[in-house]
Structures are given as structure tokens and as C-alpha cells.
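# Working through the structure, step by step
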Protein chains: 2
Amino acid sequence: MQPVSSVGIVAPQTAYFDAPLTLKSGVVLPHYDLVYETYGALNAARSNAILVCHALSGNHHVAGKYAEDDKNPGWWDNMVGPGKPIDTDRFFVIGLNNLGGCHGSTGPASIDPATGQPFGSRFPLVTVEDWVESQARLADRLGIAQFAAIMGGSLGGMQALHWSIHYPARVRHCLVIASAPKLTAQNIAFNDVARQAILTDPEFHGGDFYARNTRPRRGLRLARMLGHITYLSDDVMGTKFGRVLRSGVFNYGYDVEFEIESYLRYQGDKFAEHFDANTYLLMTKALDYFDPTHHHAQPSLAAALAPATADFLVLSFTSDWRFAPERSREIVKALLDNARRVSYAEITSGHGHDAFLMPDAHYHAVMRAYMERVST
Amino acid sequence: MQPVSSVGIVAPQTAYFDAPLTLKSGVVLPHYDLVYETYGALNAARSNAILVCHALSGNHHVAGKYAEDDKNPGWWDNMVGPGKPIDTDRFFVIGLNNLGGCHGSTGPASIDPATGQPFGSRFPLVTVEDWVESQARLADRLGIAQFAAIMGGSLGGMQALHWSIHYPARVRHCLVIASAPKLTAQNIAFNDVARQAILTDPEFHGGDFYARNTRPRRGLRLARMLGHITYLSDDVMGTKFGRVLRSGVFNYGYDVEFEIESYLRYQGDKFAEHFDANTYLLMTKALDYFDPTHHHAQPSLAAALAPATADFLVLSFTSDWRFAPERSREIVKALLDNARRVSYAEITSGHGHDAFLMPDAHYHAVMRAYMERVST
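A few points on the structure. Since the model is a prediction, treat every value here as computed from it, not as a measurement.

Thresholds applied
- Residues numbered from 1 in each chain as written.
- Chains lettered and ligands numbered in written order.
- Predicted model: local features only at pLDDT ≥ 70, side-chain atom pairs only at ≥ 80, totals over all residues.
- Heavy atoms only, no water.
- Salt bridge = Lys/Arg side-chain N within 4 Å of Asp/Glu carboxyl O.
- Helix = DSSP H or I, 4+ residues; strand = E, 2+ residues; numbered from the N terminus.
- Buried < 20%, exposed > 50% of the residue type's maximum accessible area, 1.4 Å probe, protein only.
- Contact = heavy atoms within 4.5 Å.
- Buried area = accessible area lost by both parts, 1.4 Å probe.
- Polar contact = N/O pair within 3.5 Å; in protein donor to acceptor, adjacent residues only side chain to side chain.
- Nonpolar A, V, L, I, M, F, W, Y, C, P; charged D, E, K, R; others polar.
- Least-squares fit on C-alpha atoms with pLDDT ≥ 70 in both.
- Axes fitted to C-alpha atoms, helices over the stretch in contact; angles between N-to-C directions.
- Parallel < 35°, antiparallel > 145°, perpendicular 65-115°, else oblique.
- Left-handed = near helix turned anticlockwise from the far one by under 90°.

### Description of the pattern of salt bridges
Inspection of every chain in the model, using the stated rule, returns 34 salt bridges over all chains. A salt bridge links Arg 327 of chain A to Glu 330 of chain A, with the nearest nitrogen and oxygen atoms 2.8 Å apart. On the criterion of helical spacing, the pair formed by Arg 327 of chain A and Glu 330 of chain A is a turn pair, its members being 3 residues apart in helix α9 (residues 325-337). Owing to a relative accessible area of 10%, Arg 327 of chain A belongs among the buried residues under this scheme. With its nearest N and O atoms 3.6 Å apart, the salt bridge here joins Arg 195 of chain B to Asp 192 of chain B. Residue Arg 195 of chain B and its partner Asp 192 of chain B are both found in helix α3 (residues 185-199); the two are separated by 3 residues, about one turn of the helix.

So this is what it looks like as C-alpha cells:
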């Protein structure tokens, strides 16, 4: 391993777009902001740009810190930086907050200029396709005609996959990590329970809770608790928490007893305080809707991926049961059916779906080896 | 297959117990009712009795109907009846509603004689051990010193297992179906999300919602929706529902879109109308608490099962991911470590945990073959 360091202090930027964006739903967003961060320097040929797409609760803050004493670096800081697998000494890396998000890009909590109030229930549903379109506009703004690589984990991988299909000439390498070509019924089912928890929370007020100075904390908390179960493997839960009791004895009541309960409730409470419920809802819908075969007469993934010309790295993690390795192999198979260049690795990890965020030596070595052959 | 028929019209009975029952929690129930049904006839030697223990949302109505035009026979009617695998021509079968239930046995919705109001939050938590104790008293009442067999699926299997340990002389055969020796952290996590959905529902009122003429429907609905995901396999969800859209197109809103959403919400709504929230809570706690090794210095399942002298049939289903076949094999291994007679079958089924309730030919053939060698 080479010595690594951080990208250091970073600051988000905001790009305002006044060209209307017609969403897949048919709704037109007349104008919007996209918040983004960049790390490293764009080279003279503008050929070393990398786009990192975020997952369900991620954002533009991929790497670095906002202050020297900032205890929470970007969500992929272990992967992106000088000397790291995504080496900012070579690449110009862009992270953005997707449209509909709650970290600065225009979303349900943003003020609707037409009313002077937060959009709330009037914010339209956005899809992976809409995100890719808005990301392409940001790339245009930054003068990037073609990315060296576009990548993401989970929902982020779906965005990278759609880029490769929709803008093949703009993507040289596509990295799809811990992802799936589309959700299964079980995936959708989990999302729907999470959504119902939020939608039926009396504090949700049909999505217009902002003006009432409240938020559907109970629903969002349940959604996050449930999400966490699907992000972790049964094994890692067993190893970390098992059946350990907080007080060592049964209390015969409904307060926290098992350590796993304490962990989940803490994660749920924390999330409910800072994440926007409408954003959570629309992110899960974007997941549900994504299906490259949806508009094809024949639901063949190979046919749907036929336009893609990028080189691919597809990665999965053995204990990921949210998007199991089988799901990644569907993508690999479809790409091979089209005679595309694909590298695939199934990383042995006990961390479940969350593994794509973890600093695993094998995972990082594969990423590093792949990125070293990506020309700038 | 032999010709089969129903046990016909049945009626529940109620046994009142006025001997105080000291629960594992230390709380004493001064008196209580147990509702039960019986099918077939007890022989002169009183040696042909079978106890069927129910799972999370089950009850005493195991087989038969309450009226000729009753469309909903008992929950195991396909298994129990004349000529069926549990043959009521040979056996005297007992089903009961467990203590804390909501189908007639004393539970949270019952009137507390001390106050004239429903117990609500004052109803104590009950455990698998408490249930076995109350079931033993019912057996005493019916003059059954020893059961030909005690059996159950899921949580019911845990009761059968505890009977075999705690009252070895009273159980000749123990059938543990789609069960586990104890919950994993992931199992507990799912239960806790379900409980939190109920406990944080504003209509729950700390468990004392009866007097307010309301019920925590939203919480109970979420709990049931989540439960259903864990009862079904990913495969059967995919086969039955897949990504099929109710209206054929995306609606870009939060109403039902996918068939799986429709199914889950329907199941949740139905359950929320008739099941008691306090019962749901305590049943999940009984699941969490069950652990035969809990009171042992060494957490060895073999040591915990050492007192058991019954013959065992342990059954699991390939696609059951709530209590996977591995969990059943832990029980088999522990019994074999004690040189007990164990038959084990892993039934190939796509129906997930729910498979134990389904009329599968292989499953029923194994049950029939086993039960044919159980002497009366």
C-alpha cells in the first residue's frame, strides 16, 4: 500500500441551472441548484474527470473535511484522496447531491420560488434517468465532455449503469459496486414498508410538514432501522451484537434489552433528526423504478445494455443480501453477451451491503488495480 | 394418499384456572382462562394425545370449521383431520390459544377483575416457559399425563422443544418444524422494528388504547407488512409478484404501484383490524427471550437439551430465511450429541417460512410417515 493522505479541507459549490428539465414523470423543473464538491485538478485535456454517484442517503461530500477538527470526513474518504484507490493526484473527482436530495441541491425542503414555501408534497418524483440528465448538465457546465470513469455503490451503481447506456460516448469506464440491474419484489417490499412508515406518520402531513414546524421522526426512524437490517449481514450482526443484553438480564418490558436494539434505535434516532422524509421517499422510489429493460419490448438486460461501450468493473460482496453477488453477475452476464470488456470481483466480506463503504484491503486493492489502468 | 376429510364443525372450550401461575418475570397471574379445541377422541389409556402449539399470530383453531359455510378453516386444517398426516382417527389433538393471546385466553385485552378494565399495559410479559407451564396445567385438567407427541412450527416449535427439556417424561415425540433454538441478532432486529412501529404509534397510548376506543392500526399494519416479508422467500415473491405494476405504468406517486405493495398493504390492513397490538408485542418478546442455553453456565445447546428423552422429528424448508435449515440443523446436532433418536428432513420448498403451513406433498408425506410410527 502506498502512503495515503486526505484531500484536506474542502468546500461545496453550487451550480444554478435555469434551463428547464423535463423529468420522466412529465413534470418540468424550470430551474434548480446542484450542490457538488471536487477533489484534485482537471487536466488540460479535461480527460481525467471521475463522477461519484451517491446512494440512498449519501450526498456530495465524498471526501475531505469541512474544518481541521471535523470528525466526519466525506462518506468515501477511505477510497478517494491522494494516493488512495481513486487517486486525486491523477483524477479530478466530482461528487454531487442529487436532485431531490436534502443536502443543498433542489429538493422537497427547498423553497419553491412560485410560492415562497418549501416544495413539500409538490416536489416531483425523480428517477435515475433524471439524475443522469442533471449530472450531464453539470458535466457540461464544468466542461467535461467525457468522464474517465463514472462509479457508484448501490443506487449509485445504477446511475453509473444508466450513464453507460444513455451517454456511452461520455463514459470510458463504468464501475458498478454492490448494485443490481433492478430491484426484486422483496427489495421493493422493504422499500414500501419504509415508505408506509413515513407516509402514515401523523407528523408527515402529506409531505407538507415544514410549515408546521414538525417532521415525521417516528416514520423516518422506523425506515432507517429497517434499512440498517438490510445493510448489515446476519453474520456481522451476530458477531457485533449477538444476543448480548445491555443489562445482562431480561427486564420483561419494552425498553431496550438487546444490544442490537440499542444500536438500531440509535441509528434511527440520529437519522430522523437530520434527514428529510420526502427525500427518503423519493430516493426509494427511484430505486424501485430503475429497470434498464423497462422500455424494451423484450425484458432482456443484454439488449438494454447493448448501447454501452465503456469498460466495466463490477464488484459485489459475499455477505450482501440486499444486492447479492447474483445480482451483479446478471450485469456481468449481460455485458459479456454484448462482448463488452468486464472485470468482475466478488469480495469476501462479512459486512453485508455496507461493505462498499468499508476500508477492506482486498476491495481497495481491486479498485486501485483497476483505476491504475484507467488512462487520464 | 389416503382419502382425507375434515374434522367438521368444531367449537372452542374454555378452561378456567384459579391456581396462581408465577411467570418467569416474577409476576403472578392469580387466575386465567385458556381457550382450546380438541379433535378426535382420547383413548381409554389416555395415551393418544397430541398438543399443537401455535406460532406468532396463531391460535387454538387448528382444524375444522365453526359453521358449514365457514370459509376459513383452522390454520393447520390441511395437516390435521381424519386420514390426514396428523390423523384424528388415531389421535386426540389439542390446540390452545396461548396466555397473552387475543383469541379468548387471558391476555392484554381481557378484563382485569381487579379494575374492571382491560389489562392493557398491566398485562405481564409471558415466555415460552410460561406457556409450557400453562399448557401442562391444561393437560393435567384433561387427564393427560403424557403426550404421544407435542409439535409446532416456528414459535410453536420452540414450545415443543421446551416441553421436551422441561417435562421429558410427558413427551414421547417432539416435532420441531421451521424453528430455531434461539433468535439471531437479525431476527431480534426485525422484531424490534415491528415493536417500535406499534410502541411509537400515537394510538397505542402506552398499551391502554382500549378505553379510548382506538387501536394502533398504523403500527400493527407496519409490523405485519414487515413480518410478511420475512415469512415469504425472495423467490416466491419474485414468482408471485415480480415487478408487475398494477396499472401497467409508473404513476410517479406514493399510491400502490407494484403488485407486491398491494399484497403487503392488504395483509397489513386485514391484520390490523383484528389482531391485538399488545399480544403482538408480547409474542415477539417471547420469541426474543427463548434460549434454552440462557440459564446454563456454558451456552451449549447440547447441554441444554440433555434432559430431553423424546424421539424427535426436525423439519426445515430450503427457502426459509427467517429460520433457515442451518438453524434446524443446530437442534439436530445438539440432539445427536446427546445420542437421541432424531429424524431430520429439509423440505425443498419455495414458500419460505410460511411453507410449514402449506400443503406440500413431500412435507405431508414425511409428517404422515413419522406419525404412522407414533404409537397410541
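### Observations concerning the environment of Tyr 289 of chain B
Mapped onto the elements of the fold, Tyr 289 of chain B is located in helix α7 (residues 277-289). Between the C-alpha atoms of Tyr 289 of chain B and Tyr 36 of chain B, which are 253 residues apart in sequence, the distance is 25 Å.

### Section: the interface of chain B and chain A
Listed as interface residues are 55 residues of chain B and, on the opposing side, 55 residues of chain A. When the area that chain B buries against chain A is broken down by residue, the three leading residues are Arg 243, Tyr 252 and Tyr 254 of chain B, summing to 18%. In this structure, the connection of chain B to chain A is made through 10 salt bridges. A salt bridge links Arg 195 of chain A to Glu 261 of chain B; the nearest nitrogen and oxygen atoms lie 2.7 Å apart. Along the contact surface separating chain B from chain A lie 22 residue pairs in polar contact (both at pLDDT 80 or more). Contributing elements (two or more residues each) for the side of chain B that touches chain A: α3, α4 (217-231), α5 (234-240), α6 (259-274) and α7 of chain B. Here the side of chain B that touches chain A takes 11 residues from α3 of chain B, the largest share from any one element. Among the residues forming the side of chain B that touches chain A, the class breakdown is 28 nonpolar, 12 polar and 15 charged.

### Here's the deal with the relation of the copies chain B and chain A
Between chain B and chain A, the superposition needs a rotation of 180° and an axial shift of 0.0 Å, giving an RMSD of 0.0 Å. The two molecules are tied by a two-fold rotation axis, judged by turn and shift. Looking at the interface residues of chain B, 100% of them are also at the interface in chain A, so both copies use one shared face.

### Structural notes on the packing of helix α3 (residues 185-199) of chain A against helix α7 (residues 277-289) of chain A
All names here are of chain A. The geometry of α3 relative to α7 is characterised by a closest axis approach of 10 Å and an angle of 160° between their N-to-C directions. Classified by the angle their axes make, α3 and α7 are roughly antiparallel. When you trace α3 past α7, the crossing you get is left-handed. Counted together, Ile 188, Asn 191, Ala 194, Arg 195, Ile 198 and Leu 199 of α3 and Ala 277, Tyr 280, Leu 281, Thr 284, Lys 285, Leu 287 and Asp 288 of α7 form the full contact between these two elements. The residue makeup of the contact of α3 with α7, split by class, is 8 nonpolar, 2 polar and 3 charged.

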